[in-house]
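A look at the structure
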Amino acid sequence: MLRRLLPQDNLRTAVRQVSSKYQKPKPRSYKRRWFEAAVQPVFPQELKSCTPPALLHQRNVENSRQYMDFEVALAQHVKNWMQREQFRVLVVCQQLPVPGRTLWFAKNQWRLKGIEHKVYGSKIMRKVFEGTPLDSLDIAFAGSTSYLFGKDFSTLKHVVAETEKLNWIVPLLYFADGKILSAADVKELAQLADLEHVRAQTVSILTQPASSLTNTFDRVARQTTFTLDSYEHALKTE
Amino acid sequence: MATKAATRVRKKEVVKVVHGALLRTHIKAGMASAAPPLGPQLGQRGVNVANFCKEFNKETGHIKPGVPLPTRINVKPDRSYDLEICSPTTSWLLKQAAGIRRGRQFYGEVAGKISVKHVYEIALIKSKDRALVGVPLEEICRKIIIQSRSIGIEVQKEDLDPELLKQFLAERSGTVAKQLAELAEKKAAKMLRTG
């Protein structure tokens, strides 16, 4: 009986009707220990078992491959959202911890430039891309990753520009239309001007030979006219 | 005797409280003054209260006096400050739209009624805030509807019928008067008990 008065951790206690915001004093008070000793024969004993680390690891790996109903539903919801919005660009980024207000403002600024920022669990994203060409790249969906989505290729330029300014988000992988782009290629693409600007440049380059030809013929005609005028003037003065 | 004298002489150690640089508060438009609670909050952070009140009242001169405005004051180490004044609080805008002054007292009570057009107009006002620039209007409307539920204001898709609304507001004013009378009675009873 005296031994039972000693504080015991394995005895399950009744639900307390007090706030859970403060720590229960350990060891428990004398009266409490008397109560626990008295009800111990009635309370079921909690059996402790020691799991080997290899088995624990195996269980963790199995659990990570199994999906609960809500995880499957969330993955389906994310997939439907990506298809509905018709995103063509996906950037997988490493995101470091950042204050909520900073992240909120950054997200809003990115949204104005057509970049949508989302944070989903790696398990969910692996399920989203299951059965797609990106399934083999599930190593990218690990750790604290966040995802940037865009609807057209100009998003890549904005992503490079915005992520270079910030030190808490680092792009790891770029996907565009199901293809993986290297970081060097994306940086080159980012240095190019807008698509409209490039189109205008192409049109001006294509029309350049025609306009130079026209200028050449014009020059010849003008020169001929000038020569004849000057000859006529010389004849008149004589 | 000696210990009593010793305890009388011993003074409490005064710990200087260092207040955070950010002060988030609601200040009524055109009514900033050095009175508590604003005066002590600013004074503890080393801000010149008189200058602050002058600047705030000048910046909110175009707004109807008494409108609660969420304000963020970031006090720098050199005692200068950055002042950010946001649009009026959503709860105030909702109550103005519903024509009421008091929200619900218990769960399930309907304190007022507005339509989705009111929600849209309120969302347009709130979308100009710095924290909501870039947020889709749909998202802002959702947040406003969630807040209206917590105040007890019902949002309906159809336009409000003036006759029904008048009847509702008349009934509501009676309910509010009863609730306030009950609260006043409880307070008076407590005062009598505690003396």
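Because the structure is a prediction, the values reported are computed rather than measured.

Before going further, it helps to spend a moment on the overall build of chain B. Each helix and strand counted, chain B has seven helices and five strands in total. If you list the helices and strands of chain B from N to C, you get α-β-α-α-β-β-α-β-α-α-β-α. Since a compact globule built from 195 residues should have a radius of gyration of about 16 Å, the 23 Å found for chain B marks it as more spread out than a globular shape. Along the first, second and third principal axes, the C-alpha set of chain B runs to 80 × 50 × 30 Å.

A word on the sheet that holds strand β5 (residues 179-181) of chain A. All names here are of chain A. Strands sit in the order β2-β3-β1-β4-β5 across an open sheet of five strands; the sheet is antiparallel. With partners counted over all chains shown, the strands left at the sheet margins are β2 (115-118) and β5, one partner each. Each strand of the sheet is rotated relative to its neighbour by a mean of 30 degrees, with strand direction disregarded. Sheet analysis places strand β4 (residues 169-176) next to β5, joined by three bridges and oriented antiparallel. Directly across from Y174, in β5, lies its bridge partner L181.

Residue and element names in this part refer to chain A. When you tally the buried positions in strand β3 (residues 145-150), you get six out of six residues, the bulk of the element. Burial of β3 is two-sided: the residues T145, Y147 and F149 facing one way and the residues S146, L148 and G150 facing the other way are all buried. Bridge count between strand β1 (residues 89-95) and β3: six bridges; the pairing is antiparallel. Of the residues in β3, the one forming a bridge with L90 is F149. Relative to β3, β2 runs antiparallel, the two being bridged by four bridges. Counterpart to K118 in the pairing with β3 is Y147.

Between chain A and chain B, the contact holds six residues from the first and ten residues from the second. Between chain A and chain B, the buried area comes to about 680 Å², and carbon and sulfur atoms account for 57% of it. The largest contributions to the chain A side of the interface with chain B come from A:R101, A:W104 and A:F105, which together make up 61% of the buried area. Applying the counting rule to chain A against chain B returns one salt bridge. The shortest N-O distance in the salt bridge between B:E84 and A:R101 comes to 3.7 Å. Our count for the contact surface shared by chain A and chain B stands at three residue pairs in polar contact (both at pLDDT 80 or more). The class makeup of the residues in the side of chain A that touches chain B is three nonpolar, one polar and two charged.

In this section: the pattern of salt bridges. The full count for this structure, using the stated rule, is 18 salt bridges over all chains. The partner of B:D129 in a salt bridge is B:K126, and the shortest N-O contact between them spans 3.7 Å. For B:K126, a relative accessible area of 7% corresponds to the buried category. Put simply, A:R28, A:R32 and A:E36 are held in one network by salt bridges that share partners.

To continue, consider the UniProt feature "domain: Large ribosomal subunit protein uL11 C-terminal" (unreviewed entry) in chain B. Look at the UniProt record and you will see "domain: Large ribosomal subunit protein uL11 C-terminal" (unreviewed entry) annotated at residues 87-155 of chain B. In this annotation, residues 87-155 of chain B is assigned 51% helix and 10% strand; the end-to-end C-alpha distance for the span is 22 Å.

Moving on, we get to the nonpolar core. Nonpolar side chains tend toward joint burial in soluble globular proteins. All names here are of chain A. Of all hydrophobic cores here, the largest spans 18 residues; its most connected members are M82, L90, M125, V128, F129, Y147 and F149. Looking at this core, the elements with two or more residues in it are α3 (69-85), β1, α5 (122-128) and β3. In terms of residue count, α3 provides more of this core than any other element does, four residues in total. With residues up to four places along the chain from it excluded, the contact list for F149 reads W81, M82, F87, V89, L90, G114, I115, E116, K118, M125 and T155. Counting residues in each nonpolar core, the second largest holds 17 residues, with C93, A106, W110 and V160 among its members.

Conventions we followed
Residues numbered from 1 in each chain as written. Chains lettered and ligands numbered in written order. Predicted model: local features only at pLDDT ≥ 70, side-chain atom pairs only at ≥ 80, totals over all residues. Heavy atoms only, no water. Helix = DSSP H or I, 4+ residues; strand = E, 2+ residues; numbered from the N terminus. Rg over C-alpha atoms; globule rule 2.2 N^0.38 Å. Pairing = 2+ DSSP bridges. Axes fitted to C-alpha atoms, helices over the stretch in contact; angles between N-to-C directions. Buried < 20%, exposed > 50% of the residue type's maximum accessible area, 1.4 Å probe, protein only. Contact = heavy atoms within 4.5 Å. Buried area = accessible area lost by both parts, 1.4 Å probe. Salt bridge = Lys/Arg side-chain N within 4 Å of Asp/Glu carboxyl O. Polar contact = N/O pair within 3.5 Å; in protein donor to acceptor, adjacent residues only side chain to side chain. Nonpolar A, V, L, I, M, F, W, Y, C, P; charged D, E, K, R; others polar. UniProt positions renumbered as here; feature names shortened; annotations may be inferred. Core = buried A, V, L, I, M, F, W, Y, C linked by side-chain atoms within 4.5 Å.

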